[in-house]
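Fold and contact review
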Amino acid sequence: WKGLAAMTESWRSQVSAWEEFHAVADEHRELDDERVLVLLCRSGRGKTSGLEVGQVRTKGAHVFHVRGGKVTRFVVYLDRERALADLGLASEGDASEPNS
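Rules of the game
- Residues numbered from 1 in each chain as written.
- Predicted model: local features only at pLDDT ≥ 70, side-chain atom pairs only at ≥ 80, totals over all residues.
- Heavy atoms only, no water.
- 1 Å grid on protein atoms, 1.4 Å probe; cavity = no way out; pocket = protein on both sides within 12 Å on 5 of 7 lines; lining within 4 Å.
- Points joined across faces, edges and corners; volume = space filled by probe spheres on them.
- Helix = DSSP H or I, 4+ residues; strand = E, 2+ residues; numbered from the N terminus.
- Nonpolar A, V, L, I, M, F, W, Y, C, P; charged D, E, K, R; others polar.
- Salt bridge = Lys/Arg side-chain N within 4 Å of Asp/Glu carboxyl O.
- Buried < 20%, exposed > 50% of the residue type's maximum accessible area, 1.4 Å probe, protein only.

**Here we look at the layout of surface pockets**
- Reported here for the second largest pocket is a volume of approximately 210 Å³.
- If you go around the second largest pocket, the residues you meet are Trp1, Lys2, Gly3, Leu4, Met7, Val71, Thr72, Arg73 and Phe74.
- Residue assignment for the lining of the second largest pocket shows that the elements contributing at least two residues are helix 1 (4–15) and strand 4 (70–77).
- Counting residues per element, the lining of the second largest pocket draws most heavily on strand 4, which supplies four residues.
- Looking at the lining of the second largest pocket residue by residue, the classes come out as five nonpolar, two polar and two charged.

**Regarding the pattern of salt bridges**
- This model, assessed by the stated rule, comprises nine salt bridges.
- Arginine 45 is the partner of glutamate 20 in a salt bridge, and the nearest nitrogen-oxygen pair spans 4.0 Å. A residue pair is termed long-range when its members are at least 10 positions apart, and glutamate 20 in strand 1 (residues 18–30) and arginine 45 in strand 2 (residues 35–46) qualify at 25 residues.
- Here aspartate 86 ties to arginine 82 by a salt bridge, and the two come within 3.0 Å at their closest N and O atoms. Of this pair, aspartate 86 and arginine 82 both sit in helix 2 (residues 80–86), separated by four residues, roughly a single helical turn.
- Judged by its relative accessible area of 41%, aspartate 86 is partly exposed.

Below, the structure is given as structure tokens:
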């Protein structure tokens, strides 16, 4: 999406398909001067299907790119492990240091 209005409309459309949709931040990590990683868990139930979010994927991540106090880019990961891999960070099950 480009712009706040487009993002708002898209999120409204996506969230409206769920009953009792919740996204709760588990952890925040400052990646560098311009990026913040938020690890989160989602819950909810599809209004039409009755499908629980947990039946799909519950752990995701968001990466916020911030410049001048404003979010300039927002990346959504439905799969937390994919986010960690893309960012070169150790997976949650891996006790090793982040990849450099």
